[in-house]
Amino acid sequence: MKERLQAIREEVAKQIEACADMDKLNEIRVAFLGKKGELTNIMKSLKDATAEERPKLGMMINEARAEIEEKLSEKKDAFAKKLREEKMKAETIDVTLPAKKPMMGHRHPNSIALEEVERIFIGMGYEVVEGPEVEYDYYNFEALNIPANHPAKDEQDTFYITGDILLRTQTSPVQVREMEKGKLPIRMIAPGRVFRSDEVDATHSPSFHQIEGLVIDKNITFADLKGTLAEFAKELFGEQTRVKFRPHHFPFTEPSAEVDVTCFKCGGSGCRFCKGSGWIEILGCGMVHPKVLKMSGIDPDEYSGFAFGVGLERIALLKYEIDDMRLLYENDERFLKQF
Ligand code: DAH
């Protein structure tokens, strides 16, 4: 029996040494220590030994068992360690590699310019309102004193949807919608998209944006209009900016004017930016025509007001010195990133 025990110990040691994975290790355990395992069989045969030999042999078997169990456990730990090491190696992160820069969006120059304009007028107590882009002929033309067959109607090449529904060519219809509500006084700006069937070039697009302004109250005069727009120009282009009102004609205002500001590049002496004139045109404005007030249910003998319309793209192009309007619509990341 002693020799068999010794042989088993050597055999187990050899097999464990050669064993390459956890499954094989379990097989070895079952083969030697299991219910029908080699060592268990020897244990069973103890009953054939003499009473004198039995305790000695029993001790030897227990020793052998303890040794085998320890070897198995050592091997198991070695496997676990190796597995952990492999995993660590596979999951290693090289912290010295340059990090990936997160992709960040950029605000569009139009949005920056609009927020700037809104900030200025909100600061003067104006409300920001919106109107529909798909509009009735009535609001876009008729109620603004532009009747059918009026030449101004041809000037703004209109996208018609039906005979009397169109894509608004200007934000001025929002004035009418606001006046119709009958809540006075009014102090509003209305930014929004407008549409004209224009060919695309450096200064034209079939879809662009305007900001409409309207003030209606008692005793509003042209002086209020001048003061308001002068303040607006200073806030937008700098304290030194001066404004010039040139007589003009719009059907919905009387009198009407176009407003120029001193060139913020050369300060008015003339440069490439202002084409040598020292002045840059920025908007149209005027005192709301009494007929327009009346059509919207406001008594022109009691109330008066002024209105103005600014091109948003024009402001963005000027403020950020962009020389081609098409850049604003292409959304090329290399362009947008600059703002
Ligand atoms: N709606 C005009 C246009 O698209 C701009 C404009 C001029 C608006 C004068 C006004 C205004 O409110 O008073 O050309």
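What you see is a predicted model, and the numbers here were worked out from it, not measured in a lab.

Each value, and the rule that gives it
- Residues numbered from 1 in each chain as written.
- Predicted model: local features only at pLDDT ≥ 70, side-chain atom pairs only at ≥ 80, totals over all residues.
- Heavy atoms only, no water.
- Helix = DSSP H or I, 4+ residues; strand = E, 2+ residues; numbered from the N terminus.
- Buried < 20%, exposed > 50% of the residue type's maximum accessible area, 1.4 Å probe, protein only.
- Polar contact = N/O pair within 3.5 Å; in protein donor to acceptor, adjacent residues only side chain to side chain.
- Contact = heavy atoms within 4.5 Å.
- Pairing = 2+ DSSP bridges.
- Axes fitted to C-alpha atoms, helices over the stretch in contact; angles between N-to-C directions.
- Parallel < 35°, antiparallel > 145°, perpendicular 65-115°, else oblique.
- Left-handed = near helix turned anticlockwise from the far one by under 90°.
- Nonpolar A, V, L, I, M, F, W, Y, C, P; charged D, E, K, R; others polar.
- Expected span 1.5 Å × (residues − 1).
- Arc of directions from axis to C-beta.
- Patch = residues over 30% accessible without salt bridge, like charges linked within 9 Å, V, L, I, M, F, W, Y side chains within 5 Å.
- Areas by Shrake-Rupley, 256 points an atom, 1.4 Å probe, with all protein chains shown as cover.
- Salt bridge = Lys/Arg side-chain N within 4 Å of Asp/Glu carboxyl O.
- Core = buried A, V, L, I, M, F, W, Y, C linked by side-chain atoms within 4.5 Å.
- Domains from an automatic or database assignment.

A few points about the side chain of Asp 260
- Mapped onto the fold, Asp 260 is located in strand E7 (residues 253-262).
- Relative accessible area serves as the criterion here: at 6%, Asp 260 is assigned to the buried category.
- Side-chain polar atoms of Asp 260 contact the side chain of Arg 246, separated by 2.7 Å.
- Excluding its chain neighbours within four sequence positions, the residues that come into contact with Asp 260 are Arg 242, Val 243, Lys 244, Arg 246, Trp 279, Ile 280, Glu 281 and Ile 282.

Quick look at the pairing of strand E4 (residues 186-195)
- Counting buried positions along E4 gives eight out of 10 residues, so the element sits mostly inside the fold.
- Sheet topology note: the strand E1 (residues 127-128)/E4 ladder contains two bridges and is parallel. The residue of E4 that forms the bridge with Glu 127 is Met 188.
- For E4 and strand E5 (residues 207-217), the ladder comprises 10 bridges, and the chain directions are antiparallel. Bridging across to E5, Ala 190 finds its partner in Glu 212.

Describing the packing of helix H5 (residues 109-123) against helix H9 (residues 222-237)
- Closest axis-to-axis distance for the H5/H9 pair is 10 Å, and the angle between their directions is 135 degrees. On the basis of the axis angle, H5 is oblique to H9. When the axes of H5 and H9 are compared, the crossing they make is right-handed. Of the residues in H9, those in contact with Glu 116, Val 117, Arg 119, Ile 120 and Phe 121 of H5 are Thr 228, Phe 232, Glu 235 and Leu 236.
- In the contact of H5 with H9, the residues fall into five nonpolar, one polar and three charged.

Things to note about the environment of Glu 116
- With respect to the element layout, Glu 116 can be found in helix H5.
- As for Glu 116 and Gly 267, which are separated by 151 residues in sequence, their C-alpha atoms are 21 Å apart.
- Those residues in contact with Glu 116 that lie beyond four places of it in its chain are Glu 235, Leu 236 and Lys 319.

Quick word on helix H2 (residues 22-33)
- When the terminal C-alpha atoms of H2 are compared, their 16 Å separation across 12 residues agrees well with the 16 Å that a helix rising 1.5 Å per residue should span.
- Among the residues of H2, Leu 25, Ile 28, Phe 32 and Leu 33 are the ones counted as buried. Taken down its axis, H2 places every buried residue within 90 degrees of arc, on the same side. Turned more than 90 degrees off the buried face of H2, the exposed positions are Asp 23 and Val 30.

Observations concerning a nonpolar patch on the surface
- Side chains of Tyr 136, Tyr 138 and Met 295 sit close together on the surface and give an oily, nonpolar patch of about 280 Å² of accessible area.
- Tracing the sequence through the fold places Tyr 138 in helix H6 (residues 137-140).

Here's the deal with the sheet that holds strand E6 (residues 243-250)
- Strands sit in the order E1-E4-E5-E9-E8-E7-E6 across an open sheet of seven strands; the sheet is mixed. Both outer strands of the open sheet, E1 and E6, are each paired with one neighbouring strand and no more.
- As defined by bridge partners, E7 adjoins strand E8 (residues 279-288) across eight bridges and the pair is classed as antiparallel. Within the sheet, the bridge partner assigned to Val 261 lies in E8 and is Ile 280.

Some points on the nonpolar core
- One finds Leu 229, Phe 232, Ile 282, Leu 283, Cys 285, Phe 306 and Phe 308 to be the most contacted residues of the largest nonpolar core, which totals 33 residues.
- Sorting the residues of this core by element identifies H5, E5, H9, E7, E8, strand E9 (304-311) and helix H11 (312-319) as the ones contributing at least two each.
- Per-element tally for this core: the top contributor is H9, with six residues.
- When near neighbours in sequence (up to four residues on either side) are disregarded, Leu 283 contacts Leu 229, Phe 232, Ala 257, Glu 258, Val 259, Phe 308, Gly 309 and Val 310.

Thoughts on the pairing of E8
- The buried fraction of E8 amounts to eight of the 10 residues, a majority that puts the element mostly inside the structure.
- As defined by bridge partners, E8 adjoins E9 across five bridges and the pair is classed as antiparallel. The partner of Met 287 across the bridge, within E9, is Phe 306.

Some words on the domain arrangement of the protein chain
- According to the domain assignment, the protein chain consists of domain 1 (2-90) and domain 2 (109-336).
- Taking only C-alpha atoms into account, the centre of domain 1 sits 94 Å from that of domain 2.

What to know about unusual backbone geometry
- Following Leu 184, the chain continues to Pro 185 via a peptide bond in cis, the omega torsion being 0 degrees.
- The omega angle of the peptide bond from Glu 254 to Pro 255 is -5 degrees, so this bond is cis rather than trans.
- Tracing the chain through its elements places Pro 255 in strand E7.
- For Asn 149, which is not glycine, the phi dihedral falls at a positive 70 degrees.
- Considering the arrangement of structural elements, one finds Asn 149 in the loop between H6 and helix H7 (151-155).

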